[in-house]
Amino acid sequence: MKPPKFEYHAPKSLEEALEALGRYGGDAKVLAGGQSLMPLLNFRLARPTALVDLNRIGSLAYIREHNGQIRFGAMTRQRTIEFSPVVAQRLPLLKEATHWVGHLPIRTRGTIGGSIAHADPSAEYPAVLAALEGEVVARGARGERVIRAGDLFQTYLTTSLAPDEILTEVRLPVMPAGAGYALEEFARRHGDFAIIGIAAVVVREGPRCTMARLATAGAGPVPVRLRAAEQILEREGLGEAAIEAAARRATELVTPDADIHASADYRRHLTGVLTKRALTRAIGVARG
Amino acid sequence: MTEHRAGATAPTALPRLVGARVARREDGRFLTGQGSYVDDHRPARLLYAAFLRSPHAHARVVSIAASAALTLPGVAAVLTGEDVARSAKPVRAASKTPAVKVTSFPPLALGKVRHVGEAVVMVAAESRYVAEDAVERILVEYEPIPVVTDMEQALRPESPLLHDEAGTNLLVSREFGRGDVDEALAGAALVVRERFRFHRHTPVCMENRGCLAEYATGSGTLTLRSSAQCPGLVRDVLSDLLDMPEHRIRVIAADVGGGFGAKASLYPEEIATCVMARRLGRPVKWIGDRREDLLATTHAWDEIVEAELGVDRDGAIVGLRAQVTADVGAYSIYPWTAAIEPVQTISFLPGPYRVPTYRGRTRGVATCKAPLGPYRGVGRPPAVFVIEGLMDRAARQLGMDPTEIRLRNFVRDEEFPYKSPSGIVWDRASFTASLLRACEALDYAAVRAEQSRARAEGRWLGVGVASYVELTGIGSAIPVSPGMPIATGTEAATIRFDPAGKVTAVFGIASHGQGLETTLAQIVADEVGVPIDDVRVIHGDTEVSPYGTGTYASRSLVLAGGAAILAGRAVREKMLVIAGHLLEADPADVVMTDGRWAVRGMLDRSVAVREIARAAYTGARRLPTGLEPGLEATRFYDPYYGTASNATHVAVVEVDRETCEVKPLRYVVVEDCGRMVNPLIVDGQVHGGVAQGLGAALLEEVVYDDQGQLLSGTLMDYVVPSACEVPWMEVHHLETPSPVALGGFRGMGEGGTIGAPAAIANAVADALVPLGIEIAELPVTPDRLFRLIERARARG
Ligand SMILES: Cc1cc2nc3c(=O)[nH]c(=O)nc-3n(C[C@H](O)[C@H](O)[C@H](O)COP(=O)(O)OP(=O)(O)OC[C@H]3O[C@@H](n4cnc5c(N)ncnc54)[C@H](O)[C@@H]3O)c2cc1C
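Residues numbered from 1 in each chain as written. Chains lettered and ligands numbered in written order. Predicted model: local features only at pLDDT ≥ 70, side-chain atom pairs only at ≥ 80, totals over all residues. Heavy atoms only, no water.

Student: Residues and numbers for the overall build of chain B, please.
Tutor: Looking only at helices and strands, one finds 20 helices and 31 strands in chain B. Over its C-alpha atoms chain B spans a radius of gyration of 27 Å, differing by no more than 12% from the 28 Å that the globule rule assigns to 796 residues. Its C-alpha atoms give chain B principal-axis dimensions of roughly 90 × 75 × 45 Å. In chain B, which comprises 796 residues, the proportion classed as buried is 65%. Within chain B, contacts between residues at least 6 apart in sequence are counted, and of these 81% link residues at least 24 apart. Accessible surface for chain B amounts to roughly 27,200 Å². Of this, 51% is attributable to carbon and sulfur atoms. In chain B, the 84 positive side-chain charges and the 97 negative ones have mean positions that sit 2 Å from each other. (Helix = DSSP H or I, 4+ residues; strand = E, 2+ residues; numbered from the N terminus. Rg over C-alpha atoms; globule rule 2.2 N^0.38 Å. Buried < 20%, exposed > 50% of the residue type's maximum accessible area, 1.4 Å probe, protein only. Contact = heavy atoms within 4.5 Å. Areas by Shrake-Rupley, 256 points an atom, 1.4 Å probe, with all protein chains shown as cover. Lys, Arg positive; Asp, Glu negative; His and termini not counted. Charge placed at Lys NZ, Arg CZ, Asp CG, Glu CD.)

Student: Requested: an account of the sheet that holds strand S5 (residues 69-73) of chain A, with residues and values cited.
Tutor: Residue and element names in this part refer to chain A. If you trace the 5 strands from one edge of the open sheet to the other, you get S4-S5-S10-S6-S7, paired in antiparallel fashion. What marks the edges here is a single partner per strand, and that holds for strand S4 (63-66) and strand S7 (143-148). Direction aside, neighbouring strands of the sheet carry axes that sit 25° apart on average. Note that strand S6 (residues 135-140) and S7 share 6 bridges and pair antiparallel. Bridging from a neighbouring strand, Ala 138 pairs with Arg 145 of S7. Seen against the sheet, helix H1 (residues 14-23) touches S6 and strand S10 (166-173) and runs at an angle of roughly 125° to S10. (Pairing = 2+ DSSP bridges. Axes fitted to C-alpha atoms, helices over the stretch in contact; angles between N-to-C directions.)

Student: Could you give an account of helix H8 (residues 268-280) of chain B, naming the residues involved and the relevant values?
Tutor: Residues and elements named next belong to chain B. Under the 1.5 Å per step criterion, the end-to-end length of H8 is 18 Å for 13 residues, consistent within 8% with the ideal 18 Å. Here H8 lies mainly inside the structure; 10 of its 13 residues are buried. Those residues of H8 that fall on the buried side of the exposure criterion are Pro 268, Glu 269, Glu 270, Ile 271, Ala 272, Thr 273, Cys 274, Val 275, Met 276 and Ala 277. (Expected span 1.5 Å × (residues − 1).)

Student: With reference to specific residues and values, describe the site of the ligand.
Tutor: Residues and elements named next belong to chain A. Inspection of the region around the ligand gives 29 residues, with Val 30, Gly 34, Leu 37, Thr 111 and Glu 124 positioned closest. Within the backbone of Leu 37, one N or O atom sits 2.7 Å away from an oxygen atom of the ligand. Contact with the protein chains hides 89% of the accessible area of the ligand, taken as 960 Å² for the molecule alone. Those elements that place two or more of their residues in the shell around the ligand are strand S2 (28-31), helix H7 (112-118) and S10. Among the elements that line the shell around the ligand, the one with the most residues is H7, at 4 residues. The class makeup of the residues in the shell around the ligand is 14 nonpolar, 12 polar and 3 charged. (Near = heavy atom within 4 Å. Polar contact = N/O pair within 3.5 Å; in protein donor to acceptor, adjacent residues only side chain to side chain. Nonpolar A, V, L, I, M, F, W, Y, C, P; charged D, E, K, R; others polar.)

Student: Tell me what's going on with the side chain of B:Ser420, and back it up with residues and numbers.
Tutor: Within the secondary structure layout, B:Ser420 lies in the loop between strand S18 (418-419) and strand S19 (425-426). Excluding its chain neighbours within four sequence positions, the residues that come into contact with B:Ser420 are B:Arg178 and B:Trp426.

Student: Can you lay out the pairing of strand S30 (residues 730-734) of chain B for me, pointing to particular residues and giving the numbers?
Tutor: Counting buried residues along S30(B), 4 of its 5 residues qualify, which places the element largely inside the surrounding structure. After leaving strand S29 (residues 662-672) of chain B, the chain enters helix H18 (residues 679-699) of chain B and then returns to the sheet as S30(B), a path that is right-handed. (Right-handed = clockwise from strand over helix to strand, strands pointing away.)

Student: So what about the domain arrangement of chain A? Which residues, and what values?
Tutor: Residue and element names in this part refer to chain A. By the assigned domains, chain A splits into domain 1 (7-54), domain 2 (62-172) and domain 3 (181-285). Of note, the centres of domain 1 and domain 2, computed from C-alpha atoms alone, are 19 Å apart. Taken residue by residue, the interface counts 14 residues in domain 1 and 15 residues in domain 2. Summing both partners gives a buried area of about 1,200 Å² for domain 1 against domain 2, and 73% of it is carried by carbon and sulfur. Applying the counting criterion to the domain 1 and domain 2 interface returns 1 salt bridge. Residues Glu 15 and Arg 139 are paired through a salt bridge, measuring 3.1 Å at the closest nitrogen-oxygen approach. For the pair domain 1 and domain 2, the number of links is 1 residue pair in polar contact (both at pLDDT 80 or more). The dominant element in the side of domain 1 that touches domain 2, judged by the number of residues it contributes, is H1, at 5 residues. Here the side of domain 1 that touches domain 2 is built from residues that sort into 9 nonpolar, 4 polar and 1 charged. (Domains from an automatic or database assignment. Buried area = accessible area lost by both parts, 1.4 Å probe. Salt bridge = Lys/Arg side-chain N within 4 Å of Asp/Glu carboxyl O.)

Student: Tell me about unusual backbone geometry, and please be specific about residues and values.
Tutor: Negative phi is the rule for most residues except glycine; trans is the rule for most peptide bonds. A cis amide bond links B:Tyr334 to the next residue, B:Pro335, at an omega of -5°. Note that B:Pro335 resides in the loop between strand S16 (317-329) and helix H10 (340-348). Following B:Leu778, the chain continues to B:Pro779 via a peptide bond in cis, the omega torsion being 5°. Relative to the assigned elements, B:Pro779 resides in the loop between strand S31 (777-778) and helix H20 (782-795). For A:Ala119, which is not glycine, the phi torsion reads 55° and is therefore positive. Checked against the element boundaries, A:Ala119 lands in the loop between H7 and helix H8 (124-131). For A:Glu133, which is not glycine, the phi dihedral falls at a positive 55°. With respect to the secondary-structure elements, A:Glu133 resides in the loop between H8 and S6. For A:Glu133, a relative accessible area of 44% puts it in the partly exposed group.

Here's what the structure looks like:
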């Protein structure tokens, strides 16, 4: 478990990084926290000619509020997010999700950009990005573009980022004040990737639900927005029957795969269970 | 036999150390990163090794082309199976019994590969990076042959054959019995039967296997540092395989980061590394990575047990009939052979119960998987899962409480020594007391009441009991594994005073996390009457220790502790003689007080230990006439049969109705390892053992697909419990001194792992009584439980 030889660049600015990346015509990889990339290198499953290390680019680590969005520099550590007062206030769902990401040492190195660019379908951040309808900013030789969550995730570990593009920023809309939220997850062990995770947000006005958001982790090759289940709540409100119906609908909206930890049937079953639990808890904390 | 108790005759006015919660002396260096593991050693001119491992589960090796690897800068040499065969004999785990078929286990594949991960070619290079690059450049042409991964299919005549020389995949076949079980079962009021499945596991030591071989051309000596449990055993077999006398081979197992039985066997990499080092005249080091560990360290358990238990109307056992089938993987391991797991399981199946009639058949079947080897408990985790599962089934059908049926069937205190139907003798144990104490510690009645309330609320709460007995500290009367080629019934201790009065105690055992440096020092200090800080314990180095094999099978405290008592007594006797001489008193009148040796009744006439030691080395002028100078003794100890160790575990769990997850709520252990040398260490051993047993019951499983590809090849896939998954444990002790082992000690390193799978399985089944679900397969993962529950609900 030692990586094959690679060239190593540690640029100090984004421009240098892009330039280095461009030089290899798609054969270089960006190194962020290394929590996913290093194992891939050590297993020799990834064999880039070069690594472009973003860790010295200070300007890529920030949390800013702008235009109703919270904007995260790609290199913002998960641990910074976990303890950010802005995140706690504006994006409590993201804060809750962060607790589920690995363990303390992993979050200390791991970045929000890396987690999203890596696009592990069982990861929490992609589910949050999907639930909150966030977007990411990508910079490449041809300039900058904004990619919406729905257009970003293609399949397992694959995004619509070009090999010579760097994800520079993650943008999440501020959650409406009083919105209820929850992230429910089931894993074999504390800190493991989700077998199934459900991110839920509800905005209520009395018994009515003006907005519901549900997204999955672990229920297929990409995070799945459970729009049809959300619509049940938006139509029928937040009563027990509606929650049950939404949870049932959720199980029909996913086509999970089987692996050695869980069969597809069990994952589908968990999708229903956790949707119900996430909604119940989200509704419990919702104000309005 | 009070004279056999350590300390009973010890001349000590120092605080007695045996029995005290002495903090582990080795932990300081472990916790501050000052340990001495194989990978800490980097001799000059060192080469690093990597292995090309088979991607196929079963294939002929047609050709190996290594030239592209050899031309890579930094590569020193490449070794193939044929190269090794020219300078080392093949490993054959011989057996004295015809019940075990003897097959070869070549260090590097010869002719064909039999499991994914089998070592095929070895590379030595300037760094591990280069060595791995070189491995990728070696071209091996394989011709795949049909694969068999299912142990029952492997028994069919049309199945692919792993070892032509055996002529069958059935490598082990044996039967035990007592009385006419068929008649007994035919007449039983109730017969419960089940097909149990205990899946494949692997220990996952924190330190992966690794070794470093150095051949000194000048002196013709070979030194192997290995992360191993049995340096003596490895030294002996290397002498044979490499055709070198034993006194020219030194095997060192200094600090070892866990073994759990999996480092008790000889491994291909150890031989290949020695061959490479001898050939190149340069030190060669191989450090296994986690992938190699999961692929090629021995796996464990993996058995199907079909068993039937007959009881009379009152729940008394009338007979037990069982067949064990073990998937022993591709090779029979040295020295234990493929028999160790399947024969242990069938031998221990009757448990702590009076079983008047018994027939147990056992089979070990070769398949295209990593070899099966010993792992904490060997055979007994599955055996206890089976017998305790059957006891609970019988109790449920008779409407008895699970504790009641056990109490009715335990071997009674007045029946010891008791010979079990498979021929094992239990010297003395506390079956009844341990169960009663566990119920008391748990407040059994209160927990049952809570369970009723929970059930009324629709919650699935369960209580699971498991009582077991194991044979520990096995002496020369019985082999640790049946028919195995080596003797393991003895260990020795050398206790030596230096002239300054400090003690060095040297042992052939090899502590790999058990805290033996502390416990053995406690025994030695008590025996010779010095403070523990004055005792240094050396172990795990064949060059300096008296003859011994190593640490395995819950033997070290019993055997090495017994040897320490004997050697300590011999030294003490000599100290009395010298003290008497120095004090001009009869040695019979010399007593030990406050670290000084004094004349009884005249405590002001005394000498310090240091003065006795100095006198011993000063020679004739200060010694009684004719007394040999020096102050040291080596003694061997053979406990002959060995001694029983027993425990009762009780688990309380809740099964989540929706996610089907099992949550352990309470875990009580009442164990009896005889006289405890150090309760702190006993607690620690129980904690670790239970954690591994819990992993076996709920989380861990080695999974292969039907083509023999390992699907659980990383620690994301092979799920071991972390601190978050391990419940708080309530550990209680009974101390029934062994009547047969010196010091009254019994072994207890494995016990936690033996009891936990059964206790948890029984608790889960108990929780699911409302659904009529029995647990016959471990681990009981949420996914398995989900399917069981769905099926039960469909039944209505
Ligand atoms: C034991 C363990 C447990 C874990 N458990 C979880 C868990 O429960 N949930 C979870 O979500 N994650 C988990 N992780 C993964 C962890 O969260 C990683 O931080 C994350 O997956 C990747 O982030 P990183 O910054 O480490 O990225 P890296 O590993 O450095 O990179 C990952 C991939 O993304 C690419 N990349 C990184 N940054 C950029 C960028 N700015 N632009 C373009 N491409 C980029 C890299 O080239 C690489 O392909 C776990 C990791 C470990 C080791």
